[in-house]
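Spelled out from the first residue to the last, the chains are:
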Amino acid sequence: MKFNQSTFATVFVSTLLAFSGPAMAKTDLVVVSWGGAYTASQQNAYHEPYMKMNPDIKIINDDSAPQAVAKLRAMNEVKNVTWDLVDAVASDAMRLCEEGLALPINADKDLAPAPDGTPASKDFGDLIVSECFIPQIVYSTTFGYRTDKVKVKPTSVCDVFDLKKIPGKRSLEKKPINNFEWALLCDGVAPNKIYDVLGAKGGVERALKKLGTIKSSVIWWTKGAQTPQLLADGEVVIGSTYNGRLFSLIEEEKQPVAMLWDWQVFDLDGWIIPKGTKNLKAVKKFVRFATDTKRLADQAKFISYGPARKSSAPLVSKHAKLGIDMKPHMPTDPNNAKTTLLFNYTFWADHQDDFTGRFEAWLAK
Amino acid sequence: MANTVQQSEELFTADGTPLQVSLARVHRRQKLRALLLVAPLFIFIFITFVLPIGDMLFRSVENAIVANILPRSTKLLANWDPSFGELPSEKVFAALLKDLKESHKNRTITRVGQRLNYESPGMSSLFRSSGRKVKRIKEPPYTEALIKANKGWGQIETWMLIKHFSPAYTDGYFFAAVDAKRLVSGEIIRVEENQRIYLALFVRTLRLSFIITVTTLLLGFPIAYLMAILPTKISNLLLIFVLLPFWTSLLVRTTAWIVLLQQQGVINEFLIMVGMVNTENRPEMIHNEFGTIVAMTHILLPFMVLPLFSVMKTIPKSYVRAAVSLGAHPWLAFWKIYFPNTVPGIGAGAILVFIIAIGYYITPELVGGTTGTFISNRIAYHISSSLNWGLGAALGVILLGVVTVLYLLYDKIVGIDNMKLS
């Protein structure tokens, strides 16, 4: 092909056109979340439908939620916040709100009402634990066990501490939260007195002593995906993790694992809008969409976490791919929620640093 | 003839300037040119490396947060003497009230509460609850009102703590980094037995890094020797095999070790198949020190092999042949002639592997369990989870100091000039 003037001109103009892109400017929204099956469920229930309805918005996922508080603090120090929306557990959201790193939200103004007209503040109710927090889901930390590797079916969380009944390795989170509560429960403390005993003198020692009875058989996890992998490999016979991860393991991966819901610990996960975000209007529009009744019920089609709105509960139906009914897999289902603990935000906000230090020292011995 | 040139006679260049001056000018210009060539790199490293790290390390002593958030109280507390055993005066309580109200409005009250909580558990809740309650206190006497709001304000220890941590610089983080504590009375004590972690962790980090250096040396030396004596075609192929791990993700390599070493993993299943171990007594090869050593040796092996290979390649093969021809046993020839020539490579490889191993944290995090983690894991925890950046920075400074001391020791014993990367 001869490179004369006309071919050169055609190539030049077509390259220009190719690079000029679509006529409208795209806004990128950076949404920070936890990765894995959880981010996938958000992508399917919120991000994809929203991007289809609004072609000028592009939602980018970032899996840094475990380091959200540290990173937001650092971003604020240099006054350059690059995130637009952050998925945070309630305790992190409270911390961020107290430090002024998250924007306060007016539930009735910024969030969609229920289809029957109930304002958002009533639909979410007590779950709005902080003025910056937009609740999304109720999840719980609970146990799963290998049905083919246990001789007797575990029925109580105290079976985790019973090496005779359930021999083999366990996996527990590398944090004092939840482990201390279960240890005291199984050491004979009444459920409504757990935090009194834990906060009093000798409480931590008592919990560590109980954990010490199984210490040599424990593998400590730091990421939600570790226990499902350990269970699938047969490395542990019983282990704790987030209930949605166990759902994926049992129903999607079809591993011989079953749930132990006894004394599951509820926690909340939701959105916060970081102060200093550069796309405030766009993000508020997205949040209004992503937290309305239908959307929260849609997320339950992909992962077994309970929607935070009262109006979404009756809409929870079948899994999008597997077709199974999701209601029995919700942590809030009455069959599963016979014995539950709710994460005690104020207690752990005050004691987390101190107890974690002692826990780590005990671990290192 | 150089002898005929007298010392009193000066030499001149073509344009009349003395030779000394001209030479000095040329040398200066060469040095300047060299400096200008290196300047961009220096400036880049200074801005992107030295400044940010310096800023981070400075946080290990920085303590402006208390005086900034409680300006009035800290100023008045400077004049208060706790040795009388009495609480500060009403004026100080009034100043504290103003500070608490203002910091609650600016949302800085939880930061100062958290900072003081690192020194004395309970301060976090004291500040948080006080922040909520002080809105209602409008009239004197403020002392009774504040103590009623939270009895922590009636304890002299609280005030001693705030006074002690008002200065702009603090040594508290460094004490905590070595499991010590300075009480408000001034004396320095070791932290209770059940809270001591850092000194033991430092020792463990150094010990495991040393073991890893030795194992990489033992495994890497034969590989490098083989590569050095084989013909170029085959040795190039082996070089590609040594470098191949660098092309795969670090996490993939570490996870592969988990699959191999775990209880139900490949190696254990193989040992059971050949009957060497009982299925009940499977050896635990991961989530402990052994797992860390094995995985890190694998990952750091190329760093030992490459310097060794580069040095070995420059040793003429004729040396060993000459020694053998003079009657030495091949083994003796190796030890007396070949090995001493490889010492610079060993030095370079060893220091490279050791310094990298000391700072590693991803692999010990995944395969170390609780007995195989390094001090760097604790630093990472403090930076991203507990947000005690002061303590993380202090641990980092101590680690940097230890490495510098070891490097100087290494220089004294082996000599830096005795180290060659090629």
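What you see is a predicted model; the values in this text were computed from it and never measured.

Student: Hey, could you run me through the overall build of chain A in this one?
Tutor: The secondary structure content of chain A amounts to 14 helices and 10 strands. Each principal axis of the C-alpha atoms in chain A carries an extent, and together these give about 85 × 50 × 45 Å. Relative to its 365 residues, chain A shows a buried fraction of 46%. By sequence separation, contacts in chain A at least 24 residues apart represent 73% of the contacts at least 6 residues apart.

Student: Mind showing me how you'd approach the overall build of chain B here?
Tutor: Helix and strand content of chain B: 19 helices and two strands. The globule rule puts the C-alpha radius of gyration for 422 residues at 22 Å, and the 32 Å found for chain B is more than 25% above it. Seen through its principal axes, chain B has C-alpha atoms that stretch 100 × 90 × 35 Å. Residue burial in chain B is summarised as follows: out of 422 residues, 33% are buried.

Student: Quick question: what am I supposed to make of the domain arrangement of chain B here?
Tutor: Interface size is commonly expressed as the accessible surface area that is lost when the partners come together. In terms of domain boundaries, chain B breaks down into domain 1 (64-170) and domain 2 (198-418). Between domain 1 of chain B and domain 2 of chain B, the C-alpha centre-to-centre distance is 51 Å.

Student: Looking at this model, I keep getting lost on the pairing of strand β3 (residues 85-89) of chain A. Mind explaining?
Tutor: Remember that side chains alternate between the two faces of the sheet whenever the strand is regular. Residues and elements named next belong to chain A. The buried fraction of β3 amounts to five of the five residues, a majority that puts the element mostly inside the structure. Both faces of β3 are covered, namely the face carrying L85, D87 and V89 and the face carrying V86 and A88. With two bridges joining them, strand β1 (residues 27-32) and β3 adopt parallel strand pairing. Looking at the pairing, V32 lines up with V86 of β3. Bridge analysis of β3 against strand β8 (residues 257-272) gives four bridges, and the strand direction is antiparallel. Each bridged residue has a counterpart across the sheet, and for V89 the counterpart in β8 is D269.

Student: Just checking my understanding: could you explain the interface of chain B and chain A for this structure?
Tutor: Each side of the interface is counted separately: chain B has 23 residues, and chain A has 24 residues. Elements supplying a minimum of two residues to the side of chain B that touches chain A: α5 (109-117), α6 (123-133), α10 (198-229) and α18 (375-384) of chain B. Among the elements that make up the side of chain B that touches chain A, the one with the highest residue count is α5(B) (three residues). Here the residues of the side of chain B that touches chain A sort into seven nonpolar, 13 polar and three charged.

Student: Which parts of the structure should I look at to understand the domain arrangement of chain A?
Tutor: Residues and elements named next belong to chain A. Looking at the assigned domains, one finds that chain A contains domain 1 (27-138 + 268-329) and domain 2 (140-267 + 340-364). The straight-line distance from the C-alpha centre of domain 1 to that of domain 2 is 27 Å. Counting from both sides, the interface comprises 17 residues of domain 1 and, opposite them, 14 residues of domain 2. Of all the secondary structure elements, the ones that give two or more residues to the side of domain 1 that touches domain 2 are α2 (36-53), α4 (90-98) and β8. When the residues that make up the side of domain 1 that touches domain 2 are grouped by side-chain class, the tally is 12 nonpolar, four polar and one charged.

Student: What exactly am I supposed to notice about helix α7 (residues 142-149) of chain B here?
Tutor: An α-helical turn contains 3.6 residues, so a residue and the one three or four places further along point in the same direction. Residue and element names in this part refer to chain B. Within the span of α7, buried status applies to Y142, T143 and L146. With its buried residues spanning 100° around the axis, α7 presents them on a single face. On its buried face, α7 is in contact with α4 (90-105).

Student: Explanation requested: the environment of P49(A) in the structure shown.
Tutor: By the secondary structure assignment, P49(A) is in helix α2. C-alpha separation for the pair P49(A) and A25(A), spaced 24 residues apart in sequence, amounts to 19 Å.

Student: Sorry if this is basic, but what is going on with helix α12 (residues 280-290) of chain A here?
Tutor: All names here are of chain A. Residues of α12 that are buried include every one of V283, F286, V287 and A290, and no others. The buried side chains of α12 occupy one side of the element, clustering within an arc of 100° when seen end-on. Looking at the packing, one finds that the buried side of α12 touches β1, α2, β3, β4 (134-146), β8 and α13 (293-299).

Student: Looking at this structure, how should I read the confidence of the model for chain B?
Tutor: The predicted coordinates ought not to be read in detail in places where the model reports low pLDDT. This prediction gives chain B a mean pLDDT of 88; 96% of its residues lie at or above 70. The ipTM assigned to the predicted complex is 0.78, against a pTM of 0.82.

Student: Just checking my understanding: could you explain the environment of D108(A) for this structure?
Tutor: Residue and element names in this part refer to chain A. Checked against the element boundaries, D108 lands in helix α5 (residues 107-110). Its 12 C-beta neighbours within 10 Å are what place D108 among the exposed residues. Those residues in contact with D108 that lie beyond four places of it in its chain are P119, A120 and S121.

Student: What is the right way to read the pairing of β8(A) from this model?
Tutor: Residues and elements named next belong to chain A. With 12 of 16 residues buried, β8 is to be regarded as a mostly interior element. Relative to β8, β4 runs antiparallel, the two sharing 11 bridges. Opposite G144, over in β8, you have M259 as the bridge partner.

Student: Whenever I open this one, the environment of T370(B) confuses me. Can you help?
Tutor: Here T370(B) is to be found in the loop between α17 (362-367) and α18. Accessibility expressed as a C-beta count within 10 Å gives 17 for T370(B), which makes it partly exposed. Between the C-alpha atoms of T370(B) and N288(B), which are 82 residues apart in sequence, the distance is 6.6 Å. If we ignore the near neighbours within four places in the chain, the residues touching T370(B) are W220(A), L363(A) and A364(A).

Student: Whenever I open this one, unusual backbone geometry confuses me. Can you help?
Tutor: In most cases, non-glycine residues show a negative phi, while peptide bonds are predominantly trans. Across the junction of P140(B) and P141(B), the peptide omega takes the value 0°, indicating a cis bond. Of note, P141(B) is situated in the loop between α6 and α7. The phi dihedral of N178(A) is positive, around 75°, even though this residue is not glycine. C-beta crowding within 10 Å serves as the criterion here: with 21 such atoms nearby, N178(A) is assigned to the buried category. Residue R107(B) is not a glycine yet carries a positive backbone phi of 60°. Within the secondary structure, R107(B) is located in the loop between α4 and α5. A count of 15 C-beta atoms within 10 Å places R107(B) in the partly exposed class.

Cut-off values and rules
- Each chain has its residues counted from 1, running along the sequence as written.
- Following the order in which they are written, the chains are lettered starting with A and the ligands numbered starting with 1.
- A pLDDT threshold of at least 70 governs which residues receive local features in this predicted model, and a stricter bar of 80 or more applies before side-chain atom pairs are shown or counted, although totals over entire chains, interfaces and linings include all residues.
- Numbering goes from the N terminus for both helices and strands, where a helix is a DSSP run of H or I of at least four residues and a strand is a run of E of at least two.
- A residue is called partly exposed when the number of other C-beta atoms within 10 Å of its own lies between 12 and 20, exposed at 12 or fewer, and buried at 20 or more, with C-beta atoms placed from the backbone.
- Remark: residues whose backbone-derived C-beta atoms lie within 7 Å of one another are considered to be in contact.
- The globule rule is 2.2 Å times the number of residues to the power 0.38, and the radius of gyration it is compared with is taken over C-alpha atoms.
- Segmentation of the chain into domains, including their bounds, is taken from an automatic or database domain assignment.
- Strand pairing is defined by DSSP finding a minimum of two bridges between the two strands.
- Under this grouping Gly is polar, as are all residues other than the nonpolar Ala, Val, Leu, Ile, Met, Phe, Trp, Tyr, Cys and Pro and the charged Asp, Glu, Lys and Arg.
- Arc definition: it is the arc formed by the directions from the helix axis to the C-beta atoms.
- pLDDT: the predictor's confidence for each residue, scored from 0 to 100.

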